[in-house]
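Remarks on the overall topology
The residues making up each chain are set out below.
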Amino acid sequence: MRPARAFLAAMAMLPLAACENPFADKDWREVEETAEECAARLSGKLEVKQLLEAAEGQVVPTYAFDITKMELMAINEMIVPASGDSRGSLRTSAFGATAPPVAAFMELSVTEDGAFYFGEDPSLYRVRGKALPGDQVLATGCAMQKPGMRLISFKLQSSSGGSADGGGV
């Protein structure tokens, strides 16, 4: 009778084997995310709400993206597009995810061409956007995401030159 119980228990678990393991650790950056989901993820954060509420008039955002899960070809297209022109600059202060190099990279002044930090985890891309109304900052940054790329934070600079930090994930 014991083999029958074991068989029945195994058969009962069979449907679960076809499903995704609910206990598996899934990296949040591997899940496809729409611009709307990105905005919802970040707009719930207190520091983002406060920053966007304080934004007056035209602001210049600098966006920070985690690109650890992007495919190499997609990153290459951001660095050197098919036209042969150089686009994003490559800046690496160190490899690895140690706090000082990442923090230093996050404080670098970047242009519209962007800058990259390649580490084991995270790898980052920062880029300065064009001047726009404060209420469009989050939607614009989220719309810039590509597969494997996640907006994690942003900073705002007013048209007059002051800056504010938009906390991240």
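Look up: the structure comes first, before these words.
A quick note: this is a predicted structure, and the numbers were derived from the prediction, not measured.

Turning next to the overall build of the protein. If you tally the helices and strands in the protein, you get six helices and seven strands. Its helices and strands taken in sequence order, the protein reads α-α-α-β-α-β-α-β-β-β-α-β-β from the N to the C terminus. In the protein, the proportion of contacts linking residues at least 24 apart, taken out of those at least 6 apart, comes to 67%. Surface summary for the protein: the accessible area is close to 10400 Å², and the carbon and sulfur share equals 58%.

Among the nonpolar cores identified, the biggest contains 24 residues, and Y63, F65, I67, F116, Y125, L151 and F154 are the most heavily contacted of them. Counting residues per element, the ones that place at least two in this core are α2 (35–43), α3 (46–54), β1 (58–66), α4 (72–79), β4 (124–128), α6 (137–143) and β6 (150–158). Ignoring anything within four residues of it in the chain, the contact list for I67 reads I75, F116, F118, S123, L124, Y125, G148 and M149. Counting nine residues, the second-largest nonpolar core is a separate cluster that includes V102, M106, Y117 and L124.

Right, let's talk about the state of the cysteines for a bit. Counting across every chain of the model gives one disulfide. Note on cysteine connectivity: C38 is disulfide-linked to C142, with sulfurs 2.1 Å apart. Taking the sign of the torsion about the S-S bond as the criterion, the disulfide between C38 and C142, at about -70 degrees, is left-handed. Remark: C142 occurs in helix α6 and C38 occurs in helix α2; sequence separation between them is 104 residues. The pair C38 / C142 is uniform in exposure class, with both members buried.

Another point: the environment of G114. Inspection of the secondary structure puts G114 in the loop between α5 (99–107) and β3 (115–117). Under the relative-accessibility criterion, G114 is labelled buried at 2%. For the pair G114 and R128, spaced 14 residues apart in the sequence, the C-alpha separation amounts to 6.7 Å.

What counts and how
- Residues numbered from 1 in each chain as written.
- Predicted model: local features only at pLDDT ≥ 70, side-chain atom pairs only at ≥ 80, totals over all residues.
- Heavy atoms only, no water.
- Helix = DSSP H or I, 4+ residues; strand = E, 2+ residues; numbered from the N terminus.
- Contact = heavy atoms within 4.5 Å.
- Areas by Shrake-Rupley, 256 points an atom, 1.4 Å probe, with all protein chains shown as cover.
- Core = buried A, V, L, I, M, F, W, Y, C linked by side-chain atoms within 4.5 Å.
- Buried < 20%, exposed > 50% of the residue type's maximum accessible area, 1.4 Å probe, protein only.
- Disulfide = S-S within 2.5 Å.

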